[in-house]
Amino acid sequence: MNQPKLDLSPKVSDEIRKTTCYMCACRCGINVHLKSGKVAYIEGNRDHPVNKGVLCAKGSAGIMQVNAPSRLKAPLKRVGPRGSGAFEEISWDEALQIATDWLEPIRKENPEKLAFFTGRDQSQSFTSLWAQSFGTPNYAAHGGFCSVNMAAAGIYTMGGAFWEFGQPDWDHTKLFMLFGVAEDHDSNPIKMGIGKIKARGARVVGVNPIRTGYNAVADDWVGITPGTDGLFILSLVHCLMKAGKIDLNYLAQFTNAPCLVNGDEKSSDFGLLLRDDDGKELVIDRATGKLAPFDQKGVKPDLAATHRHAGISHRTVMQHMAERYLTDEYAPETVAEKVGISAKRIRTLAGEIARVAFDEAFELDQEWTDFRGETHKTMQGRPVSFHAMRGISAHANGFQTCRALHVLQIILGSVEVPGGFRFKPPYPKPATAHPKPHCKVTPDAPLDGPHLGFTHGPDDLALKEDGTPARIDKAFSWENPMSSHGLMHMVISNAYAGDPYKIDTLFMYMANMSWNSSMNTGGVMKMLTDKDESGEYVIPRIIYSDAYSSEMVAYADLILPDTTYLERHDCISLLDRPICEADAAADAIRWPVIEPDRDVRGFQSVLCELGAKLGLPAFTNDDGSQKYADYADYIVNHERKPGIGPLAGWRMGEKGLTNGRGGVNEGQLDSYIKNGGFFVEHIPEGANYYKPWNSGYQDWAVGMGLFDSPQPYLFSLYVEPMRRFQLAAEGHGDRQPPDHLRDRIKHAMDPLPMWYDPAPDNKSEEYPITALTQRPMAMYHSWGSQNAWLRQLHGHNPLYLPTKLMRENDLVDGDWARVTSPHGEITVPVLEMAALNENTVWTWNAIGKRKGAWALDENAPEATKGFLLNHLIHELLPPKGDGLRWANSDPITGQAAWFDLKVRIEKADPQSESQPSLPPIESPVGNDPGDLVWKVGK
C-alpha cells in the first residue's frame, strides 16, 4: 500500500532569537522563532529564571502584536479638530522639529509648563532622567492609578512589598493567602508557585469578592465585602495578639516594636520615636534596663519596657499596638457584618494561620550573623506567606489596608524567613534609602533632583513658596503627602481646571487616558477637546506616543509612533523594575529580533534624539553633540554613578569582566543576547534570608552596587513620618496644612494601621452595590483586545451579578441592566455568577473599545457589546458643598480609588449596543482590513 509521507517534525524556524516578553508585567524569557526574517512562533525560554519555559496565552500571542493592523506606521500631525482622528503623515525630521519648537521655549522660560507622564513603559529610570534633565517637576508613571498604595505601604513599613519587590518562599510555605489579586500581574510565577505548593499539600486561601483565576483554585475562598480587607486583617491581628500567637523574639530583634514613643503631650515631638544624638532609635536593653540604640552590639530590646523621664512615661510601640488591637473594636464579632464574613470563620482563619506559623515552624541548619554581630546557628522558619495586589490597594483606605497586611506578616515573624515572604533584590530598601521628591524649577536648567521619592515629614513636600502644590498632579502636597508614584489620573483634570496652574504641553507615552486608563472617560474626552474664550484649546498642545491606534491617538496634536516590543531595545534594570528572584539579582533586555516594516522608532531612542535637539545636559556632550545615538547606546554607556549603569551583568572591571559594579563594556548587549537576554547573580548561601539584618547579604549587596554601604534597618510597625504630618496638622512646625485638610490628616495618617470607611459619602441607601473591574489573565495593557488571538478569549464583556441581585431584579442571563452611579449611567448585558460577594458586581476591564480605534470593525463585539465601568467613575468625589475639589483618591498616597465605585441596578429593555455608544473616531490606520491571513516562510 502507498502510505502518505508525513513530516512528523516539521521545521519550525530558520533561527531562534531569545528576548524578553512584554505581554504582561512578568517579563518572561521567550524564544522567538523566525522564518525568512519574520516571526513564526513564540515559546518560553526554559533557561530563564522567571518562567523556566512556561508561557501563557498572552506571551504566545505576541506574534499577533507585530502583525496587528492597528500598528501606527509613521509620525502624524493633526489636521482636523482634536478627537476627529484626522492626521497627515509627516517625516521624523518634521515631527522632531515640531516637538522641539513646542518644548524649547517652555524649557527656557518655565519648564513646569510641560507635563510628561508615561504608562506601563517599564523604563522609568530613563524617562525620569529625561524629565529631570528637561527641568519640569511634572513627571510620573502609571503607578498612581495602579498600585502605589501597595508599593509605598510596603516600603514605608518593611522596605519592600509584593510583586516586583518580593515573593513567597515557594519551597517551604505551607499556607499561602492571596488578597485582591487579579490574573494579569505576575501570572506565570504565581501559577508555577501555586502548582508547586499544592503538590506538597500546602493550602491556598483566596480573599477576594470575586472567585476567578487564582481564587478559583484556592482551597478556601473568602468572598469579602470590597473595601473592608483592612478591617478583616486587623481582626486577624486582634485574634493572634489575644492568643499570644506572635513572634516576640522576631519583633524585639528586627522591628521598631521595642522602640520608645515620646509620651509628652506638650512636646512638639509627641508621638515621635526617642532617638540618641546620632539619630538612632532608642530601646530599653533587657539585660541592663537602660536606654540603648537599637543596633548596639549585644543589646536585647525589651518589648514591654517603659522609660520614665521628667515625670513623663515613654512606652514602646508594642504597648501602643496592644492598646489598639486588643480592644473589641477589632474583635471578629464586631467586624463580621461589615466585612461579610462570620466571626466564627474569622477566628478559624486566625487559628489556621497561628497553627501553621507556630505548630509547623521549622529551622534550617544554616548559620548567619546579624547586624548587631550576633551569630545564629539556625534560621527560624514560619511557613505562612501572603501576596496581594490592586484589589486591596485601589481604595481610599488602601494605604492603611496594605500597611495592615504587612503588619500581619511581621507579627507572625514570617517576612524574610524560610517559608514566608522574601524580598527580591534590589530590595529590601527602606524609605530612608530612597531619594526625597524634588520640585525646584529653574528656567533652562535641570530639576534639582529626582521627581519621585519618599517624604518623611512636611519639610519634604513639593510645595511652592506660597504653600501651593509645585506639581500639576498635586503629588507630595498636603492633599497627598506620601504620593510616591504621582497621580497620573489627576493630570488632565488639573491641567484643564488650571489647578494649581495651567500647562502648555501634555506629553504622554503609552497611557490610554481618553479611554480605559482614565476615571471619568467622557469628561476627560471633553477636557482634551474643550476650547477657551479665545478659541484655543484649554490644554494647548498634546504629544503622544504609542505603537497602536488607540483611543488616545485621536486626541493628540503630534504622534510619535513607537515600535512593538520585538522591534526595539528595552532595559529591565536593577535601577528600575528588574526580574530578580528572592535568591538572585537579575536583569534583562529586549532587543530588535526583527526590524520594523514601518517608519517607526522606539520611544526611548526618540527621547535620546529629542533630548539632544533640546540641549538637555544628560543627553548632550560638552560640545553640544548628541550623547546617545539611541537607547541601546544609552543602556551600555550611561552611568548613574561611577561603576553603576542600567545593566549589572558583564561590566568591565580592572581585571576583566565583572558583575554589579564596573565600567562600561561596549560588548555588554552582545553578552546579554548570547545568554538569552538576561543576567543572573545568585545570593551566597547563608545570605539569602533575613536580608535586612543579615551581614552576609548586606556585604553582598554592597559588592553588587545595590548599596554603597551596609544598610540594616528595623521594620516600621509604627511609621514615624506619618506622625510628623499629624503633628503639623495639630499646629506644630513652620509648614502648616490648609485648615480644611487638618482633620483629614490627623485621622488618615495614623502611624499605626487602622481602618476607615473608604466611601462614607456614597449614599449607601441609594447606591448600595459595589462595582469592580478585573483585568483578565489574557490581557495586560488595553492592546490585548485588539490581538487577533486574544480577542477570541474575551471578545466582549458582560456585567457579572451575584444570584441575589439577579433574583431581586428579575434578571436572567442575557438580559440588560441599567447601572447608575452618582456620576453616570451605563446599560449593559448581564450574566449570573454564584461565586461572588452578594452585594458586588464586576466586569473585565478594558475589553470595551471605542468605535474607530484599534483598526477594529465598527461592529466588532468589543465596540458594541463591550463596555467600560469608567463611564461611572469620576476623578473627583461628589461635591461636598464647600466649593473644594476633592480627589477620588487615597488621602495619603493619592492612589486612584477605582474600587470604591457604588452603584444601583435595575432591569432595562434589551439594547442593540451597550450604552453609552459614542460616535466612531477616524483611525489613521483605517479599520477592518478584512483579511489577517499571512504566511511566514515557505
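Our subject is the structure that appears above.
It should be emphasised that the depicted structure is a prediction, and the values quoted were computed from it without experimental measurement.

Cut-off values and rules
- Residues numbered from 1 in each chain as written.
- Predicted model: local features only at pLDDT ≥ 70, side-chain atom pairs only at ≥ 80, totals over all residues.
- Heavy atoms only, no water.
- Helix = DSSP H or I, 4+ residues; strand = E, 2+ residues; numbered from the N terminus.
- Rg over C-alpha atoms; globule rule 2.2 N^0.38 Å.
- Buried < 20%, exposed > 50% of the residue type's maximum accessible area, 1.4 Å probe, protein only.
- Areas by Shrake-Rupley, 256 points an atom, 1.4 Å probe, with all protein chains shown as cover.
- Lys, Arg positive; Asp, Glu negative; His and termini not counted.
- Charge placed at Lys NZ, Arg CZ, Asp CG, Glu CD.
- Contact = heavy atoms within 4.5 Å.
- Pairing = 2+ DSSP bridges.
- Axes fitted to C-alpha atoms, helices over the stretch in contact; angles between N-to-C directions.
- Salt bridge = Lys/Arg side-chain N within 4 Å of Asp/Glu carboxyl O.
- Phe/Tyr/Trp six-rings, centres within 6.5 Å; stacked < 30°, edge-to-face > 60°.
- Lys NZ or Arg CZ within 6 Å of the ring centre and 35° of its normal.
- Parallel < 35°, antiparallel > 145°, perpendicular 65-115°, else oblique.
- Left-handed = near helix turned anticlockwise from the far one by under 90°.
- Nonpolar A, V, L, I, M, F, W, Y, C, P; charged D, E, K, R; others polar.

1. Topic: the overall build of the protein
Point 1. Helix and strand counts for the protein come out as 24 helices and 36 strands.
Point 2. The C-alpha radius of gyration computed for the protein amounts to 27 Å, which stays within 12% of the reference 30 Å derived for 938 residues, consistent with globular compactness.
Point 3. For the protein, the spread of C-alpha atoms along the three principal axes comes to 85 × 80 × 75 Å.
Point 4. Within the protein, the fraction of its 938 residues that count as buried is 64%.
Point 5. Accessible surface for the protein amounts to roughly 33,000 Å². Of this, 48% is attributable to carbon and sulfur atoms.
Point 6. The protein carries 97 positive and 118 negative side-chain charges, and their two centres are separated by 3 Å.

2. Notes on the environment of N188
Point 1. One can find N188 in helix 6 (residues 187–199).
Point 2. Taking C-alpha positions, N188 is 8.1 Å from C28, a pair spaced 160 residues apart along the chain.
Point 3. Discounting chain neighbours no more than four positions away, the residues touching N188 are C26, C28, N51, V54, L55 and C56.

3. Examining the sheet that holds strand 10 (residues 203–207)
Point 1. Read from one edge of the open sheet, four strands run 11-10-9-21, paired in parallel fashion. Two strands bound the open sheet, and with one partner strand each, they are strand 11 (220–222) and strand 21 (384–388). Taken pair by pair, the neighbouring strands of this sheet meet at an average axis angle of 15°, ignoring direction.
Point 2. As paired strands, strand 10 and strand 11 are joined by three bridges and run parallel to one another. In the strand pairing of strand 11, G206 is matched with W221.
Point 3. Where helix 12 (residues 343–359) meets the sheet, its contacts fall on strand 9 (175–179), strand 10, strand 11 and strand 21, and the angle it forms with strand 11 comes to roughly 130°.

4. Focus on the pattern of salt bridges
Point 1. This model, assessed by the stated rule, comprises 57 salt bridges.
Point 2. The partner of E352 in a salt bridge is R203, and the shortest N-O contact between them spans 2.5 Å. Taken together, the positions of E352 in helix 12 and R203 in strand 10 put the pair 149 residues apart, joining distant regions of the chain.
Point 3. Residue class for E352 comes out buried when judged on its relative accessible area of 14%.
Point 4. Judged by relative accessible area, which is 29%, R203 ranks as partly exposed.
Point 5. For E416, the salt bridge goes to K691, with nearest N and O atoms at 3.0 Å. In this pair, E416 is assigned in the loop between helix 14 (398–411) and strand 22 (421–423) and K691 in the loop between strand 30 (678–682) and helix 20 (695–703), connecting sequence segments 275 residues apart.

5. Regarding the packing of aromatic side chains
Point 1. A complete count under the given rule lists 43 aromatic pairs for this structure.
Point 2. Note on W842 and W844: the rings are 4.7 Å apart at their centroids and 85° apart in plane angle, and the pair reads as edge-to-face. In this structure, W842 and W844 share a single accessibility class: buried.
Point 3. Through a chain of ring-to-ring contacts, the aromatic side chains of F162, Y250, F254, W368, F421, F423, Y690, W693, Y713 and F715 assemble into a single cluster.
Point 4. If you follow R590 out to its NZ or CZ, it ends over the ring of Y22, 4.3 Å from the centre.
Point 5. Over the ring of W886 we find K880; its NZ or CZ atom is 4.2 Å from the centre of that ring.

6. With respect to the packing of helix 11 (residues 332–339) against helix 12
Point 1. Where helix 11 meets helix 12, the axes come as close as 8 Å, and the angle between the chain directions of the two elements is 110°. In terms of their interaxial angle, helix 11 and helix 12 are classed as roughly perpendicular. Every pair of crossing elements has a handedness; the one defined by helix 11 and helix 12 is right-handed. Of helix 12, the residues touching helix 11 (which contributes P332, E333, V335, A336 and V339) are A343, I346 and R347.
Point 2. Taken together, the residues of the contact of helix 11 with helix 12 break down into six nonpolar, no polar and two charged.

Everything listed here is a matter of coordinates, which is why it stays silent on function.
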